[in-house]
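Per-entry structural report
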Amino acid sequence: MERWIQSQQYRKWDLHCLKLQPLSPVPSDIEISRAQSPKAVDVLAKEIGLLTDEIEIYGQTKAKVRLSLLERLKDQPDGKYVLVAGITPTPLGEGKSTVTVGLVQALTAHLNINSFACLRQPSQGPTFGVKGGAAGGGYAQVIPMEEFNLHLTGDIHAITAANNLLAAAIDARILHENTQSDKSLYNRLVPVVNGMRGFSAIQLARLRRLGINKTDPETLTEEEISKFVRLDIDPSTITWQRVVDTNDRFLRKVTVGQANTEKGFVRQAQFDIAVASEIMAILALTTSLQDMKERLGKMVVANDKKGEPVTAEDLGVTGALAVLMKDAIKPTLMQTLEGTPVFVHAGPFANIAHGNSSVLADKIALKLVGEKGFVVTEAGFGADIGMEKFFNIKCRASGLVPSVVVLVATVRALKMHGGGCWKLLPIVFALLLVADGCCNLQKQIQITQLFGVPVVVALNVFKTDSPAEVDLVCKMAKESGAFDAVPCNHWSAGGRGAVKLAQAVEKAANQKNSFKYLYSLELPIVEKIRIIAQKVYGAQDIELSPTAQSQVDRYTQQGFGNLPICMAKTHLSLSHQPERKGVPTGFILPISDVRASIGAGFIYPLVGTMSTMPGLPTRPCFYDIDLDPITEQVKGLF
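Sequence order as written defines residue numbering, which begins from 1 separately in each chain. Side-chain atom pairs in this predicted model are given and counted only at pLDDT of 80 or more, local residue features only at pLDDT of at least 70, and totals for whole chains, interfaces and linings cover all residues. Processing note: side-chain calculations cover all non-hydrogen atoms of the structure and skip hydrogens and water entirely.

By the naming in an unreviewed UniProt entry, the protein goes by formate--tetrahydrofolate ligase and is assigned to Corvus moneduloides. The Pathway (unreviewed entry) comment attached to the protein in UniProt states, word for word, "One-carbon metabolism; tetrahydrofolate interconversion." UniProt positions are given in the numbering used here, feature names are shortened, and annotations may be inferred rather than shown by experiment. Here the protein is described in UniProt, under the heading Subunit (unreviewed entry), as follows: "Homodimer."

Written as structure tokens, this is what we have:
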């Protein structure tokens with residue numbers, strides 16, 4: 001018994017870290033990734049305390065981790081929980097993923113502290129479109145980076161399959177109800193098999209929801225049969241869209257049902273990008289297989305003709321969706337360039353959904369690192385978007401309390417926020433631009449302080465930055481309330497370049513933490529939206545369109561008023577206007593529509609015009625991506 005207790009207590013991992021020999025100038029990301037030889041994933045799993053039957057291996061460098069681990073380690077204290085966020089992004093990229101990876105490389109490979117990075121899986125959309133991959137960069141990356149960026153273990157494909165099965169079920173059900181009598185529908189929905197007629201489990205659950213407490217199909221009255229077989233979906237209220245994981249602007253509006261076989265039931269629809277699917281948001285927020293199944297069943301896809309919500313459960317598809325998602329719910333284990341562990345799991349877009357990796361990956365990692373270890377996760381885009389959603393949505397779903405926020409900034413991005421160009425300028429002008437641009441950094445520090453969590457600023461250093469610029473940013477950050485501000489060189493030096501950041505994070509994690517949510521869930525929907533707009537974005541007020549107001553009224557009446565808010569807003573400005581850099585003030589935030597992800601558990605207002613399907617630029621990234629037919633090596637990913 002004593003030996004078992006000792007085995008459950010915190011222990012330093014016996015981790016074999018991989019050596020780095022950084023080159024100058026720094027080669028391309030894919031060259032750096034390919035120059036390193038990763039450990040076999042089963043070796044890594046054993047080093048961090050996973051048992052053989054707790055992993056499912058995909059090739060040599062990836063493995064799914066089973067959720068049974070949470071039960072085995074349930075009595076183990078959690079480690080410290082660190083969130084990496086950033087200033088308002090610019091087209092130059094601020095390097096949040098790179099900081100996340102560099103920080104865990106520093107903690108584990110250089111300070112001998114157990115640490116885990118938890119990252120989102122990148123969408124194929126940006127990988128082949130504008131942004132490129134999301135594995136970090138330079139000497140702070142997840143490897144192999146091409147596997148990280150392409151398919152991984154198929155989770156996004158599983159989400160696409162589940163999402164589109166539900167979309168097909170909606171239109172098929174409308175067609176069948178429109179072309180058949182109650183009796184005919186009933187005979188098909190509850191067929192005679194081997195001389196017997198019986199309800200499936202999901203049909204019995206629907207009967208109970210309708211207040212029909214019968215289990216024998218032969219005993220239903222005509223009225224009960226009609227209630228049971230007719231969902232009476234109002235096609236104009238369908239909110240569930242089909243998805244594809246490609247930037248395809250021509251799918252933003254489509255017409256479905258044009259074949260003769262659909263008997264004239266034509267309607268306008270659209271495709272979203274797969275990572276904007278509510279099923280992706282559910283994957284990121286779920287806490288167990290049972291919880292995921294319940295959330296999938298609660299997804300509202302439309303209203304019926306009486307204005308009542310129609311769910312996936314009503315369509316009888318919940319079990320099938322859970323089957324398609326049964327492997328996707330397990331986090332994927334990979335490693336950094338220095339051989340430290342990484343979980344890659346879920347990938348909701350941050351300007352549309354909540355933009356954070358999964359609760360399950362974080363929970364498993366917090367157990368594996370032990371009480372003195374660190375789990376570092378990343379929120380999408382600026383602190384006003386990904387971080388606010390992390391605190392108000394993800395922390396509510398997980399019950400976990402963050403220890404520290406690392407806020408990433410770059411000198412060149414701050415120059416853009418100061419209204420100028422990031423390129424080499426006379427030092428006096430450069431410092432003035434940086435000082436002006438620091439208003440955005442100061443605002444993001446203030447947003448973090450609203451939640452009562454200590455913040456450490458990580459200044460991602462580029463070779464074009466002068467020492468005076470770096471010193472100025474660190475000084476202004478500390479004067480604005482940051483616990484510390486540290487220049488980092490992990491991109492060019494690996495974990496060694498983030499040791500000072502790691503030490504600052506370790507100190508900040510020992511500070512008194514007074515974490516609090518921004519708003520109470522009991523407040524009306526409009527009031528919660530107003531609090532985010534005014535306190536986080538700095539808006540003067542909000543303005544709801546008539547459509548948005550009627551949706552708010554409907555969701556409140558349907559009993560969904562006590563959910564958190566997930567703002568769908570441009571990531572390029574604190575305001576709704578992408579061109580307004582720095583800290584815009586005096587603006588009215590327009591809410592054009594309000595939608596609900598009931599399974600994921602949030603209401604999402606659309607700010608201004610928000611597209612849920614990106615488009616390809618004139619010259620997409622795919623021009624540079626190629627495959628060597630002899631070596632089978634991927635080229636051109638970055």
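**Thoughts on the pairing of strand β20 (residues 484–488)**
Two strands pair if DSSP finds at least two bridges between them. Every helix listed is a DSSP run of H or I at least four residues long, and every strand listed is a run of E at least two residues long, numbered separately from the N terminus. Looking at chain direction, strand β19 (residues 455–460) and β20 are connected through five bridges and run parallel. Of the residues in β20, the one forming a bridge with Asn-460 is Cys-488.

**Some details on unusual backbone geometry**
Cis geometry is found at the peptide bond from Ser-24 to Pro-25, where omega equals 0°. As for its position among the elements, Pro-25 is in the loop between α1 (2–8) and α2 (29–35). With an omega of -10°, the peptide bond running from Ile-143 to Pro-144 counts as cis. In this model, Asn-112 sits at a positive phi of 60°, which is unusual for a non-glycine residue. One can find Asn-112 in the loop between α5 (96–110) and β4 (115–119). The exposure class assigned to Asn-112 is partly exposed, which follows from its relative accessible area of 47%. Only protein chains enter the accessibility calculation, which uses a 1.4 Å probe. A residue is then buried if its area is under 20% of the maximum for its type, exposed if over 50%, and partly exposed in between.

**Topic: the pattern of salt bridges**
For this document, the term salt bridge refers to a Lys or Arg side-chain nitrogen within 4 Å of an Asp or Glu carboxyl oxygen. Following the criterion strictly, the structure yields 29 salt bridges and no others. For Lys-394, the salt bridge goes to Asp-362, with nearest N and O atoms at 2.6 Å. Taken together, the residues Lys-394 in helix α16 (residues 383–398) and Asp-362 in helix α15 (residues 359–369) connect sequence positions 32 residues apart. Exposure remark for Lys-394: the relative accessible area of 0% places this residue in the buried category. Residue classification places Asp-362 among the buried positions, given a relative accessible area of 0%. Between Lys-415 and Glu-469 there is a salt bridge, and its shortest N-O distance comes to 2.9 Å. Taken as a pair, Lys-415 in helix α17 (residues 411–417) and Glu-469 in helix α19 (residues 467–479) lie far apart in primary sequence, 54 residues in all. Here Lys-415 and Glu-469 have matching classes, each one buried.

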